[in-house]
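Residues per chain, in single letters:
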Amino acid sequence: MADRFAVGRAELPSMRRHVRKAALPAPTHEWVTDRAQRASEVAGVPSDLWLIHGNLYDLSKFEHPGGREWLDLTRGTDCTAEFEVHHIHETKVLPLLRKYHVRACPDAAKIAAYTFEENGFYKTLKRAVAAEFAGECGPTPAMYALSALAVALWALAFLNMLSAQTALSAIIAGIALYPMFGVGHNWFHMRNTLWRYAFDLTCFGHHDWRISHAISHHVFPNLDVDIEASFVEPFLTFMRDQKPNLPGVLLVWVLFTMLIAPLEFARRIIALSLGAEHLRWEFAVPIVLGSACAVCGGWWGVFLFFLHHFVANLGLVIISTPVHRGKYSWTSGCEAVRAARTDFGEHTVIATNDFCVEEFGLFAKLFVGGSFNDHVTHHLFPTVCLSQQHRVRKIFLEHCKKFNVPYVKTSFPDMLLGLFQVLRRNPGELLYVPLG
(Lines give C-alpha, C1' and ligand atoms only; values in the text may rest on other atoms or scores of the structure.)
Protein backbone atom coordinates (compact mmCIF):
# COMPACT_ATOMS: atom_id res chain seq x y z
CA MET A 1 0.00 0.00 0.00
CA ALA A 2 2.76 2.43 0.98
CA ASP A 3 4.37 2.38 -2.46
CA ARG A 4 1.09 2.46 -4.37
CA PHE A 5 -0.32 5.58 -2.71
CA ALA A 6 2.86 7.30 -1.53
CA VAL A 7 2.85 10.00 -4.22
CA GLY A 8 -0.84 10.80 -3.96
CA ARG A 9 -0.57 11.26 -0.18
CA ALA A 10 2.78 13.08 -0.04
CA GLU A 11 3.14 16.76 0.85
CA LEU A 12 3.41 19.28 -1.96
CA PRO A 13 6.47 21.53 -2.41
CA SER A 14 4.90 24.75 -1.10
CA MET A 15 3.29 23.23 1.99
CA ARG A 16 6.20 23.36 4.47
CA ARG A 17 8.26 26.00 2.71
CA HIS A 18 7.47 28.41 5.54
CA VAL A 19 8.95 25.90 8.00
CA ARG A 20 12.14 25.46 6.01
CA LYS A 21 12.66 29.16 5.24
CA ALA A 22 11.01 30.86 8.25
CA ALA A 23 8.56 32.66 5.96
CA LEU A 24 4.82 33.21 5.75
CA PRO A 25 2.78 30.13 4.79
CA ALA A 26 2.23 29.86 1.05
CA PRO A 27 -1.13 31.09 -0.29
CA THR A 28 -3.61 28.28 -0.80
CA HIS A 29 -3.63 28.74 -4.56
CA GLU A 30 -0.01 27.51 -4.61
CA TRP A 31 -1.24 24.20 -3.19
CA VAL A 32 -3.66 23.99 -6.13
CA THR A 33 -0.87 24.79 -8.60
CA ASP A 34 1.53 22.29 -7.00
CA ARG A 35 -1.06 19.57 -7.10
CA ALA A 36 -1.75 20.09 -10.79
CA GLN A 37 1.97 20.16 -11.53
CA ARG A 38 2.50 16.85 -9.75
CA ALA A 39 -0.39 15.29 -11.66
CA SER A 40 1.18 16.48 -14.89
CA GLU A 41 4.70 15.30 -14.09
CA VAL A 42 3.79 11.94 -12.57
CA ALA A 43 0.67 10.87 -14.46
CA GLY A 44 0.69 13.07 -17.56
CA VAL A 45 -2.57 14.86 -16.70
CA PRO A 46 -3.02 17.82 -19.09
CA SER A 47 -3.53 21.17 -17.41
CA ASP A 48 -6.85 21.71 -19.20
CA LEU A 49 -8.46 18.36 -18.32
CA TRP A 50 -9.88 16.68 -15.21
CA LEU A 51 -8.87 13.15 -14.10
CA ILE A 52 -11.68 11.07 -12.58
CA HIS A 53 -11.41 7.32 -12.00
CA GLY A 54 -8.57 6.88 -14.48
CA ASN A 55 -10.24 8.83 -17.30
CA LEU A 56 -9.69 12.35 -18.57
CA TYR A 57 -12.59 14.73 -19.13
CA ASP A 58 -12.85 18.17 -20.69
CA LEU A 59 -15.18 20.13 -18.42
CA SER A 60 -14.05 23.55 -19.60
CA LYS A 61 -17.45 24.33 -21.13
CA PHE A 62 -19.55 22.53 -18.55
CA GLU A 63 -21.88 24.75 -16.51
CA HIS A 64 -21.37 23.23 -13.07
CA PRO A 65 -24.51 23.67 -10.93
CA GLY A 66 -22.40 24.01 -7.78
CA GLY A 67 -20.43 26.92 -9.23
CA ARG A 68 -17.51 27.28 -11.63
CA GLU A 69 -15.07 27.68 -8.76
CA TRP A 70 -15.10 23.96 -7.93
CA LEU A 71 -13.96 23.11 -11.45
CA ASP A 72 -11.32 25.83 -11.51
CA LEU A 73 -9.79 24.54 -8.28
CA THR A 74 -9.50 20.95 -9.55
CA ARG A 75 -8.49 21.48 -13.18
CA GLY A 76 -5.44 19.44 -14.15
CA THR A 77 -5.65 17.19 -11.09
CA ASP A 78 -6.90 13.77 -10.05
CA CYS A 79 -10.21 14.92 -8.58
CA THR A 80 -11.68 11.43 -8.16
CA ALA A 81 -12.18 11.85 -4.42
CA GLU A 82 -13.73 15.30 -4.83
CA PHE A 83 -16.10 13.89 -7.44
CA GLU A 84 -17.11 11.04 -5.14
CA VAL A 85 -17.77 13.01 -1.97
CA HIS A 86 -19.55 15.91 -3.66
CA HIS A 87 -21.97 13.86 -5.77
CA ILE A 88 -24.15 11.58 -3.65
CA HIS A 89 -26.51 10.81 -6.52
CA GLU A 90 -23.81 9.40 -8.73
CA THR A 91 -26.19 7.56 -11.04
CA LYS A 92 -27.58 10.94 -12.13
CA VAL A 93 -24.16 12.48 -12.68
CA LEU A 94 -22.25 9.72 -14.49
CA PRO A 95 -24.28 9.78 -17.73
CA LEU A 96 -23.66 13.52 -17.96
CA LEU A 97 -19.96 13.13 -17.19
CA ARG A 98 -19.49 10.59 -19.99
CA LYS A 99 -20.44 13.25 -22.54
CA TYR A 100 -17.20 15.05 -21.73
CA HIS A 101 -14.92 12.02 -21.87
CA VAL A 102 -11.67 12.52 -23.77
CA ARG A 103 -9.54 9.44 -23.17
CA ALA A 104 -8.12 7.12 -20.53
CA CYS A 105 -5.09 8.10 -18.46
CA PRO A 106 -2.74 5.08 -18.35
CA ASP A 107 -0.67 6.40 -15.41
CA ALA A 108 -3.57 7.58 -13.24
CA ALA A 109 -2.80 5.02 -10.52
CA LYS A 110 0.55 6.69 -9.86
CA ILE A 111 -1.09 9.67 -8.16
CA ALA A 112 -4.10 7.93 -6.59
CA ALA A 113 -4.55 8.40 -2.85
CA TYR A 114 -7.44 5.96 -2.29
CA THR A 115 -9.47 3.09 -3.66
CA PHE A 116 -13.17 3.42 -4.42
CA GLU A 117 -14.16 -0.21 -4.85
CA GLU A 118 -17.81 -0.69 -5.83
CA ASN A 119 -18.28 -3.25 -3.05
CA GLY A 120 -16.04 -1.43 -0.58
CA PHE A 121 -17.11 0.45 2.53
CA TYR A 122 -17.44 3.96 1.12
CA LYS A 123 -19.17 3.18 -2.16
CA THR A 124 -21.62 0.81 -0.47
CA LEU A 125 -22.36 3.39 2.21
CA LYS A 126 -22.76 6.10 -0.41
CA ARG A 127 -25.37 4.12 -2.32
CA ALA A 128 -27.36 3.62 0.89
CA VAL A 129 -27.16 7.34 1.68
CA ALA A 130 -28.23 8.20 -1.87
CA ALA A 131 -31.27 5.98 -1.43
CA GLU A 132 -32.10 7.82 1.82
CA PHE A 133 -31.87 11.16 0.02
CA ALA A 134 -33.91 10.32 -3.03
CA GLY A 135 -34.68 14.02 -3.25
CA GLU A 136 -32.70 17.00 -1.97
CA CYS A 137 -30.04 16.72 0.77
CA GLY A 138 -29.71 20.49 1.09
CA PRO A 139 -30.82 22.93 3.78
CA THR A 140 -34.14 22.64 5.53
CA PRO A 141 -36.29 25.65 6.51
CA ALA A 142 -34.86 25.34 10.03
CA MET A 143 -31.35 25.77 8.64
CA TYR A 144 -32.35 28.92 6.80
CA ALA A 145 -34.02 30.29 9.93
CA LEU A 146 -31.10 29.53 12.26
CA SER A 147 -28.56 30.89 9.77
CA ALA A 148 -30.54 34.14 9.55
CA LEU A 149 -30.82 34.26 13.35
CA ALA A 150 -27.06 33.77 13.75
CA VAL A 151 -26.22 36.55 11.29
CA ALA A 152 -28.76 38.90 12.87
CA LEU A 153 -27.46 38.28 16.40
CA TRP A 154 -23.89 38.93 15.30
CA ALA A 155 -24.89 42.13 13.47
CA LEU A 156 -26.65 43.46 16.57
CA ALA A 157 -23.72 42.54 18.80
CA PHE A 158 -21.22 44.13 16.40
CA LEU A 159 -23.21 47.36 16.21
CA ASN A 160 -23.42 47.38 19.99
CA MET A 161 -19.63 47.00 20.15
CA LEU A 162 -19.19 49.99 17.82
CA SER A 163 -21.44 52.03 20.07
CA ALA A 164 -20.39 50.85 23.53
CA GLN A 165 -16.63 50.64 22.87
CA THR A 166 -16.08 48.32 25.84
CA ALA A 167 -14.20 45.06 26.20
CA LEU A 168 -17.38 43.37 27.41
CA SER A 169 -19.23 44.37 24.26
CA ALA A 170 -16.36 42.94 22.18
CA ILE A 171 -16.50 39.66 24.08
CA ILE A 172 -20.27 39.46 23.50
CA ALA A 173 -19.73 40.25 19.81
CA GLY A 174 -17.10 37.49 19.67
CA ILE A 175 -19.50 34.98 21.16
CA ALA A 176 -22.02 36.03 18.52
CA LEU A 177 -19.35 35.78 15.79
CA TYR A 178 -18.45 32.17 16.65
CA PRO A 179 -21.58 30.66 14.97
CA MET A 180 -20.50 32.33 11.71
CA PHE A 181 -17.91 29.56 11.43
CA GLY A 182 -20.72 27.02 11.58
CA VAL A 183 -22.98 28.90 9.17
CA GLY A 184 -20.25 29.63 6.64
CA HIS A 185 -18.67 26.18 6.98
CA ASN A 186 -21.97 24.47 6.27
CA TRP A 187 -22.81 26.60 3.26
CA PHE A 188 -19.45 26.89 1.49
CA HIS A 189 -19.36 23.10 1.08
CA MET A 190 -22.49 23.30 -1.07
CA ARG A 191 -23.45 25.07 -4.27
CA ASN A 192 -22.93 28.81 -4.32
CA THR A 193 -25.32 30.92 -2.29
CA LEU A 194 -24.88 34.22 -0.49
CA TRP A 195 -24.86 32.35 2.83
CA ARG A 196 -21.27 31.24 2.24
CA TYR A 197 -20.15 34.83 2.79
CA ALA A 198 -21.00 34.47 6.47
CA PHE A 199 -17.61 32.82 6.72
CA ASP A 200 -15.89 35.99 5.48
CA LEU A 201 -17.09 37.82 8.60
CA THR A 202 -14.51 35.81 10.56
CA CYS A 203 -11.33 37.32 8.97
CA PHE A 204 -10.90 34.07 7.07
CA GLY A 205 -12.06 33.70 3.48
CA HIS A 206 -14.52 31.11 2.21
CA HIS A 207 -12.54 30.85 -1.06
CA ASP A 208 -9.31 30.00 0.78
CA TRP A 209 -11.15 27.53 2.98
CA ARG A 210 -12.70 25.83 -0.02
CA ILE A 211 -9.10 24.97 -0.91
CA SER A 212 -7.49 24.37 2.47
CA HIS A 213 -10.52 22.80 4.10
CA ALA A 214 -13.12 21.54 1.61
CA ILE A 215 -10.55 20.10 -0.80
CA SER A 216 -7.20 19.60 0.93
CA HIS A 217 -8.33 18.70 4.43
CA HIS A 218 -11.63 17.00 3.64
CA VAL A 219 -10.18 14.83 0.91
CA PHE A 220 -6.88 14.08 2.67
CA PRO A 221 -7.50 14.33 6.44
CA ASN A 222 -4.31 13.86 8.46
CA LEU A 223 -2.24 12.84 5.45
CA ASP A 224 0.92 14.77 4.60
CA VAL A 225 -0.93 16.54 1.79
CA ASP A 226 -3.45 17.99 4.29
CA ILE A 227 -2.59 21.71 4.25
CA GLU A 228 -4.48 22.43 7.47
CA ALA A 229 -2.00 20.28 9.38
CA SER A 230 1.15 21.83 7.92
CA PHE A 231 -0.11 25.43 7.96
CA VAL A 232 0.44 25.86 11.72
CA GLU A 233 3.84 24.17 11.79
CA PRO A 234 6.46 24.51 13.26
CA PHE A 235 4.70 26.25 16.15
CA LEU A 236 2.00 23.58 16.50
CA THR A 237 2.67 20.07 15.26
CA PHE A 238 0.07 17.31 15.25
CA MET A 239 1.31 14.93 12.56
CA ARG A 240 3.17 11.95 14.03
CA ASP A 241 5.70 11.86 11.19
CA GLN A 242 6.90 15.37 12.15
CA LYS A 243 9.01 16.54 15.08
CA PRO A 244 7.09 17.01 18.35
CA ASN A 245 6.44 20.45 19.76
CA LEU A 246 8.84 22.40 21.95
CA PRO A 247 8.21 22.96 25.68
CA GLY A 248 5.68 25.70 26.35
CA VAL A 249 3.51 24.61 23.44
CA LEU A 250 0.27 25.26 25.35
CA LEU A 251 1.26 28.90 25.68
CA VAL A 252 2.02 28.93 21.96
CA TRP A 253 -1.43 27.46 21.34
CA VAL A 254 -3.06 30.32 23.28
CA LEU A 255 -0.93 32.94 21.53
CA PHE A 256 -1.74 31.41 18.16
CA THR A 257 -5.45 31.68 18.94
CA MET A 258 -5.04 35.30 19.99
CA LEU A 259 -2.98 36.32 16.97
CA ILE A 260 -4.43 34.26 14.12
CA ALA A 261 -7.00 36.92 13.15
CA PRO A 262 -4.57 39.88 12.93
CA LEU A 263 -1.93 37.63 11.34
CA GLU A 264 -4.37 36.39 8.71
CA PHE A 265 -5.54 39.96 8.16
CA ALA A 266 -1.92 41.11 7.70
CA ARG A 267 -0.98 38.07 5.57
CA ARG A 268 -3.77 38.81 3.12
CA ILE A 269 -2.86 42.50 2.84
CA ILE A 270 0.81 41.63 2.26
CA ALA A 271 -0.03 38.92 -0.27
CA LEU A 272 -2.31 41.27 -2.20
CA SER A 273 0.28 44.06 -2.21
CA LEU A 274 2.97 41.68 -3.47
CA GLY A 275 0.68 40.19 -6.11
CA ALA A 276 0.87 36.77 -4.46
CA GLU A 277 -2.94 36.59 -4.30
CA HIS A 278 -5.64 37.77 -6.66
CA LEU A 279 -8.05 40.40 -5.41
CA ARG A 280 -11.47 39.02 -4.54
CA TRP A 281 -14.26 41.34 -3.53
CA GLU A 282 -15.08 39.39 -0.35
CA PHE A 283 -11.62 40.40 0.94
CA ALA A 284 -13.25 43.77 1.57
CA VAL A 285 -15.52 42.34 4.31
CA PRO A 286 -12.96 42.27 7.18
CA ILE A 287 -11.33 45.46 5.87
CA VAL A 288 -14.62 47.36 5.97
CA LEU A 289 -15.54 45.98 9.40
CA GLY A 290 -12.09 46.72 10.82
CA SER A 291 -12.18 50.23 9.34
CA ALA A 292 -15.58 50.85 10.95
CA CYS A 293 -14.09 49.91 14.31
CA ALA A 294 -11.13 52.24 13.71
CA VAL A 295 -13.39 55.14 12.76
CA CYS A 296 -15.60 54.66 15.83
CA GLY A 297 -12.87 54.02 18.38
CA GLY A 298 -9.43 54.67 16.93
CA TRP A 299 -6.76 52.22 18.04
CA TRP A 300 -9.01 51.08 20.88
CA GLY A 301 -11.66 50.24 18.30
CA VAL A 302 -9.11 48.22 16.32
CA PHE A 303 -8.21 46.37 19.52
CA LEU A 304 -11.88 45.58 20.12
CA PHE A 305 -12.21 44.36 16.53
CA PHE A 306 -9.47 41.79 17.03
CA LEU A 307 -10.63 40.98 20.56
CA HIS A 308 -14.02 39.91 19.25
CA HIS A 309 -12.22 37.78 16.67
CA PHE A 310 -10.04 36.23 19.37
CA VAL A 311 -13.13 35.17 21.33
CA ALA A 312 -14.68 33.59 18.22
CA ASN A 313 -11.40 31.90 17.22
CA LEU A 314 -10.97 30.54 20.74
CA GLY A 315 -14.31 28.79 20.37
CA LEU A 316 -13.35 27.46 16.94
CA VAL A 317 -9.95 26.15 18.06
CA ILE A 318 -11.27 24.49 21.21
CA ILE A 319 -14.20 22.81 19.45
CA SER A 320 -12.76 21.88 16.06
CA THR A 321 -9.11 20.96 16.73
CA PRO A 322 -9.70 17.82 18.86
CA VAL A 323 -11.81 16.10 16.19
CA HIS A 324 -8.68 15.44 14.10
CA ARG A 325 -5.58 16.30 16.10
CA GLY A 326 -5.87 14.32 19.34
CA LYS A 327 -4.47 10.96 20.38
CA TYR A 328 -7.47 9.06 18.97
CA SER A 329 -6.99 10.33 15.41
CA TRP A 330 -4.74 8.49 12.97
CA THR A 331 -2.20 10.59 11.08
CA SER A 332 0.63 9.80 8.73
CA GLY A 333 3.32 8.30 10.94
CA CYS A 334 0.93 6.05 12.88
CA GLU A 335 1.32 3.05 10.54
CA ALA A 336 3.22 1.05 13.17
CA VAL A 337 0.12 1.01 15.40
CA ARG A 338 -2.63 0.81 12.79
CA ALA A 339 -2.09 0.22 9.10
CA ALA A 340 -3.15 2.97 6.72
CA ARG A 341 -6.53 2.39 5.10
CA THR A 342 -6.88 2.55 1.33
CA ASP A 343 -10.67 2.94 1.17
CA PHE A 344 -11.51 6.64 1.38
CA GLY A 345 -14.30 6.09 3.88
CA GLU A 346 -12.28 3.84 6.16
CA HIS A 347 -9.39 6.30 6.21
CA THR A 348 -11.74 9.16 7.07
CA VAL A 349 -13.22 7.22 9.99
CA ILE A 350 -9.89 6.47 11.67
CA ALA A 351 -8.65 10.04 11.11
CA THR A 352 -11.74 11.74 12.57
CA ASN A 353 -13.62 11.80 15.89
CA ASP A 354 -17.16 12.74 16.93
CA PHE A 355 -18.72 14.10 20.13
CA CYS A 356 -22.23 14.91 21.32
CA VAL A 357 -23.81 13.61 18.12
CA GLU A 358 -27.10 12.44 19.59
CA GLU A 359 -27.07 15.03 22.38
CA PHE A 360 -27.02 18.09 20.09
CA GLY A 361 -29.99 19.23 18.05
CA LEU A 362 -29.57 21.60 15.12
CA PHE A 363 -29.42 24.72 17.30
CA ALA A 364 -26.67 23.28 19.49
CA LYS A 365 -24.79 21.91 16.47
CA LEU A 366 -24.63 25.41 15.03
CA PHE A 367 -24.28 27.64 18.11
CA VAL A 368 -22.26 25.29 20.37
CA GLY A 369 -20.62 22.68 18.15
CA GLY A 370 -19.90 25.16 15.36
CA SER A 371 -21.01 22.39 12.92
CA PHE A 372 -17.99 20.25 13.94
CA ASN A 373 -19.44 17.76 16.45
CA ASP A 374 -21.00 15.26 14.01
CA HIS A 375 -17.82 15.29 12.02
CA VAL A 376 -17.24 11.85 10.49
CA THR A 377 -20.42 11.78 8.42
CA HIS A 378 -19.81 15.40 7.46
CA HIS A 379 -16.39 14.45 6.07
CA LEU A 380 -17.87 11.53 4.18
CA PHE A 381 -20.74 13.57 2.72
CA PRO A 382 -19.92 17.30 2.98
CA THR A 383 -22.73 18.41 0.68
CA VAL A 384 -25.35 17.01 3.06
CA CYS A 385 -26.56 20.03 4.98
CA LEU A 386 -26.00 20.17 8.73
CA SER A 387 -29.77 20.09 9.14
CA GLN A 388 -29.93 16.73 7.31
CA GLN A 389 -26.91 14.97 8.82
CA HIS A 390 -28.94 13.05 11.38
CA ARG A 391 -30.46 11.03 8.54
CA VAL A 392 -27.02 9.64 7.66
CA ARG A 393 -26.13 8.57 11.20
CA LYS A 394 -28.01 5.27 11.44
CA ILE A 395 -26.94 4.20 7.94
CA PHE A 396 -23.33 5.02 8.75
CA LEU A 397 -23.33 2.98 11.98
CA GLU A 398 -24.92 0.00 10.23
CA HIS A 399 -22.23 0.00 7.54
CA CYS A 400 -19.40 0.39 10.06
CA LYS A 401 -20.66 -2.78 11.72
CA LYS A 402 -21.14 -4.57 8.41
CA PHE A 403 -17.61 -3.77 7.18
CA ASN A 404 -15.93 -4.00 10.58
CA VAL A 405 -14.80 -0.36 10.40
CA PRO A 406 -13.53 0.78 13.83
CA TYR A 407 -15.77 3.68 14.83
CA VAL A 408 -16.20 4.78 18.45
CA LYS A 409 -17.65 8.11 19.55
CA THR A 410 -15.72 9.79 22.37
CA SER A 411 -16.57 12.44 24.92
CA PHE A 412 -15.46 15.99 24.30
CA PRO A 413 -13.39 16.29 27.52
CA ASP A 414 -11.55 13.09 26.60
CA MET A 415 -10.88 14.39 23.09
CA LEU A 416 -9.63 17.72 24.43
CA LEU A 417 -7.32 15.98 26.89
CA GLY A 418 -6.04 13.80 24.04
CA LEU A 419 -5.28 16.92 22.02
CA PHE A 420 -3.22 18.43 24.86
CA GLN A 421 -1.33 15.16 25.23
CA VAL A 422 -0.44 15.13 21.54
CA LEU A 423 0.69 18.74 21.73
CA ARG A 424 3.02 17.82 24.61
CA ARG A 425 4.25 14.44 23.35
CA ASN A 426 7.90 13.67 23.88
CA PRO A 427 10.49 12.96 21.16
CA GLY A 428 10.12 9.38 20.00
CA GLU A 429 6.62 9.13 21.48
CA LEU A 430 3.86 8.30 18.99
CA LEU A 431 0.90 8.87 21.32
CA TYR A 432 -1.78 7.34 19.12
CA VAL A 433 -4.57 5.31 20.75
CA PRO A 434 -6.67 3.58 18.08
CA LEU A 435 -10.37 3.30 18.84
CA GLY A 436 -12.39 0.20 18.11
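The structure displayed is predicted, hence computed values, not measured ones.

## Some remarks on the pattern of salt bridges
So, point 1. Applying the stated rule across the entire model yields 25 salt bridges.
So, point 2. With its nearest N and O atoms 3.1 Å apart, the salt bridge here joins Arg 127 to Glu 118.
So, point 3. The exposure class assigned to Arg 127 is partly exposed, which follows from its relative accessible area of 40%.
So, point 4. When the shortest N-O distance is used, the salt bridge between Glu 359 and Lys 409 registers 3.6 Å. Of this pair, Glu 359 sits in the loop between α15 (344-350) and α16 (362-367) while Lys 409 sits in the loop between α18 (390-403) and α19 (412-423), and the two are 50 residues apart along the sequence.
So, point 5. For Glu 359, a relative accessible area of 52% puts it in the exposed group.
So, point 6. The structure contains a network of salt bridges with shared partners spanning Glu 84, Glu 90, Glu 118, Lys 123, Lys 126 and Arg 127.

## Brief notes about the packing of helix α12 (residues 249-274) against α19
So, point 1. For the pair α12 and α19, the least separation of the axes is 9 Å and the interaxial angle reads 115°. Regarding the angle of α12 to α19, the classification is roughly perpendicular. Facing Val 249, Leu 250 and Trp 253 of α12, the residues of α19 in contact are Leu 419, Phe 420 and Leu 423.
So, point 2. Taken together, the residues that form the contact of α12 with α19 break down as six nonpolar, no polar and no charged.

## With respect to the sheet that holds strand β1 (residues 50-52)
So, point 1. Pairing in this open sheet of three strands is antiparallel, and the strands run β1-β2-β3 from one edge to the other. In this open sheet, the two edge strands, each paired with only one partner strand, are β1 and β3 (101-104). Within the sheet, the average angular offset between the axes of one strand and its neighbour, ignoring direction, is 30°.
So, point 2. Examined bridge by bridge, β1 and strand β2 (residues 55-57) share three bridges and lie antiparallel to one another. Looking across to β2, one finds that Leu 51 is bridged to Leu 56.

## Description of the nonpolar core
So, point 1. Trp 31, Phe 381 and Phe 396 are the most contacted members of the largest nonpolar core, which totals 105 residues.
So, point 2. Per element, the largest residue contribution to this core is 14 residues, and it comes from helix α13 (residues 284-320).
So, point 3. When neighbours within four sequence positions are excluded, Phe 381 is seen to be in contact with Val 85, Ile 88, Tyr 122, Leu 125, Lys 126, Val 129 and Val 392.

## Regarding unusual backbone geometry
So, point 1. A cis amide bond, omega 5°, links Glu 233 with the succeeding residue Pro 234.
So, point 2. Positive phi, normally seen in glycine, also occurs at Gln 165, with a value near 55°.
So, point 3. Examined against the element boundaries, Gln 165 turns out to sit in the loop between α8 (141-164) and α9 (167-188).
So, point 4. With relative accessibility at 18%, the residue Gln 165 sits in the buried group.

## Topic: a nonpolar patch on the surface
So, point 1. Together, Leu 251, Val 254, Leu 255, Met 258, Leu 259 and Leu 263 give the surface a local cluster of nonpolar side chains, amounting to about 540 Å² of exposed area.
So, point 2. Summarising the element assignment, Leu 255 is placed in helix α12.
So, point 3. For Leu 255, a relative accessible area of 38% translates into the label partly exposed.

## Describing the packing of aromatic side chains
So, point 1. In total, this model carries 27 aromatic pairs according to the counting rule given.
So, point 2. On the numbers, 5.9 Å between centres and 25° between planes, the contact of Phe 116 with Phe 344 is stacked. Of this pair, Phe 116 sits in the loop between β3 and α7 (121-132) while Phe 344 sits in helix α15, and the two are 228 residues apart along the sequence. Pair check on accessibility: Phe 116 and Phe 344 agree, each one buried.
So, point 3. Here a set of aromatic residues connected by ring pairs shows up, and it is made of Tyr 114, Phe 116, Tyr 122, Phe 220, Phe 344 and Phe 381.

## Remarks on the state of the cysteines
So, point 1. Tallied over the full model, the rule gives zero disulfides.
So, point 2. Unpaired in this structure, Cys 296 has its nearest cysteine sulfur neighbour in Cys 293, at a distance of 7.1 Å.
So, point 3. In this structure Cys 296 comes out as partly exposed when scored by relative accessible area, which is 44%.
So, point 4. In this structure Cys 400 is not part of a disulfide, and its nearest cysteine sulfur, from Cys 356, lies 19 Å away.
So, point 5. The exposure class of Cys 400 is buried, given its relative accessible area of 5%.

## Looking at the packing of α8 against α9
So, point 1. Look at α8 against α9: their axes get within 8 Å of each other, and the N-to-C directions meet at 150°. What the angle tells us is that α8 and α9 run roughly antiparallel. Crossing of α8 over α9 shows left-handed handedness. Between α8 and α9, the contacting residues are Met 143, Tyr 144, Ser 147, Ala 150, Val 151, Leu 153, Trp 154, Ala 157, Phe 158, Asn 160, Met 161 and Ala 164 on the first element and Ser 169, Ala 170, Ile 172, Ala 173, Ala 176, Leu 177, Pro 179, Met 180, Val 183, Asn 186 and Trp 187 on the second.
So, point 2. Classifying every residue of the contact of α8 with α9 by side-chain character gives 19 nonpolar, four polar and no charged.

## Structural notes on helix α10 (residues 206-219)
A turn of α-helix holds 3.6 residues, and therefore any two residues three or four places apart point the same way.
So, point 1. Along its 14 residues, α10 runs just 17 Å from first to last C-alpha, ending more than 12% under the 20 Å computed at 1.5 Å per residue.
So, point 2. Of all the 14 residues making up α10, 14 are buried; the element is thus mostly covered by neighbouring parts of the structure.

Here is what the cut-offs are and how they apply
Residues numbered from 1 in each chain as written. Predicted model: local features only at pLDDT ≥ 70, side-chain atom pairs only at ≥ 80, totals over all residues. Heavy atoms only, no water. Salt bridge = Lys/Arg side-chain N within 4 Å of Asp/Glu carboxyl O. Buried < 20%, exposed > 50% of the residue type's maximum accessible area, 1.4 Å probe, protein only. Helix = DSSP H or I, 4+ residues; strand = E, 2+ residues; numbered from the N terminus. Axes fitted to C-alpha atoms, helices over the stretch in contact; angles between N-to-C directions. Parallel < 35°, antiparallel > 145°, perpendicular 65-115°, else oblique. Contact = heavy atoms within 4.5 Å. Nonpolar A, V, L, I, M, F, W, Y, C, P; charged D, E, K, R; others polar. Pairing = 2+ DSSP bridges. Core = buried A, V, L, I, M, F, W, Y, C linked by side-chain atoms within 4.5 Å. Patch = residues over 30% accessible without salt bridge, like charges linked within 9 Å, V, L, I, M, F, W, Y side chains within 5 Å. Areas by Shrake-Rupley, 256 points an atom, 1.4 Å probe, with all protein chains shown as cover. Phe/Tyr/Trp six-rings, centres within 6.5 Å; stacked < 30°, edge-to-face > 60°. Disulfide = S-S within 2.5 Å. Left-handed = near helix turned anticlockwise from the far one by under 90°. Expected span 1.5 Å × (residues − 1).

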